Amino acid sequence: MSLYMSSKESALREQIVRVGKLMYDHGLIVGVDGNISARLADNRILVTPSGLCKGLMTPEQVIIVDMAGNKVGADNETNRSLRPTSETRMHLEVYRQRPDVGGVVHAHPSTAIALSIAGIALADRMVPEAIVNLGLVPTTEYATPASEENVFAIRDLIGGHDGIIIRRHGTLTVGKDPWQAFVRTEFLEQVARITFMLRQLGAGEPIPAEEVRKLLAQREAFGFMRPGELAEFADVYGTSFEDQAGQEPVLAAEPMDEESLVKTITALVLERLRQ
């Protein structure tokens, strides 16, 4: 890499490559599927190249685009002939709407896609980690991949959600950086697998409203709550959660870091599945 590259750019390139390899190794993408991006500056976005296996990518192959999607910055011998991902417009729409977002991941997880084709939503079979880390996960109408239609499909949803299922196509997750966006992709696909298993078992009810209140308090305490989410949860559960706003977390006397929270929630999920 260039000697003139900033430490921030270098770190983000390395993170994008690491996320791409994990996505490929974990079966969240196959072949040349998927794309990843990171906010480098207000008008500069790092994006993965088109037509390249993300599991075999190198940091030098990541491309810089401006907010119009034009390739900018100094080329290197590795990425000179590469083009930005065909889904660049979708990524840019996220960054325009979400100044809090520093990373975007678009994956093709098979269970989430299958459920979207079958018309099965995740919102009616919520599990704890979905509530805390993702919130509600809507499904878009079908749109042609890599088209302006795809941008329209996510436009009205991404402002209030950290994870979206794009019908028949894949998932879109966001975070403070590509790593957090990737973690949310894994959470989303795990929830999809659990939803699928519950359908096969012919059992499973939404978490009771009082327990949801506790989880929403944790979500708010971690700063994950999005505008309008309480009203959406009220629609799903048929009860108001407006009194949750501003409350302290119910379950934790001491604040938990994100790793501890994930472990706690996973234990709750396993315990519920054993019942």
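Residues numbered from 1 in each chain as written. Predicted model: local features only at pLDDT ≥ 70, side-chain atom pairs only at ≥ 80, totals over all residues. Heavy atoms only, no water.

Engineer: Looking at this model, I keep getting lost on helix α7 (residues 209–221). Mind explaining?
Structural biologist: Counting along an α-helix, one turn takes 3.6 residues, and residues three or four places apart therefore face a common direction. Taking 1.5 Å of rise per residue, the 13 residues of α7 would be expected to cover 18 Å, and the 18 Å separating its terminal C-alpha atoms lies within 8% of that figure. Buried within α7 are the following residues: Val212, Arg213, Leu215, Leu216, Ala217, Gln218 and Arg219. Where α7 terminates, the next one or two residues include Gly223, which has phi positive at roughly 75°. (Helix = DSSP H or I, 4+ residues; strand = E, 2+ residues; numbered from the N terminus. Expected span 1.5 Å × (residues − 1). Buried < 20%, exposed > 50% of the residue type's maximum accessible area, 1.4 Å probe, protein only.)

Engineer: Please clarify how the confidence of the model for the chain should be interpreted in this entry.
Structural biologist: Reading predicted coordinates in detail is not appropriate for stretches of low pLDDT. Per-residue pLDDT for the chain has a mean of 86; in total, 85% of the residues score no lower than 70. Low pLDDT, under 50, characterises residues 244–255; the predicted model gives this stretch 16 contacts beyond four residues in sequence or across chains. (pLDDT = per-residue confidence, 0-100. Contact = heavy atoms within 4.5 Å.)

Engineer: Would you explain helix α3 (residues 110–118) in this entry?
Structural biologist: All buried positions along α3 are accounted for by Thr111, Ala112, Ile113, Leu115 and Ser116. Summarising the contacts, the buried residues of α3 are in contact with β5 (163–166), β6 (170–175) and α6 (178–201).

Engineer: Any chance you could explain the pairing of β6 here in plain terms?
Structural biologist: The two faces of the sheet receive side chains in turn, since in a regular strand these alternate between them. Within β6, six of the six residues are buried, which leaves it mostly tucked inside the rest of the structure. Neither face of β6 is open: one carries Gly170, Leu172 and Val174, the other Thr171, Thr173 and Gly175, and all of them are buried. When strand β4 (residues 103–107) meets β6, the two strands line up antiparallel, connected through five bridges. Across the sheet, residue His106 finds its bridge partner in β6, namely Leu172. Sheet topology places β5 next to β6; four bridges connect them, and they run antiparallel. Paired with Ile165 across the strands is Thr171, a residue of β6. (Pairing = 2+ DSSP bridges.)

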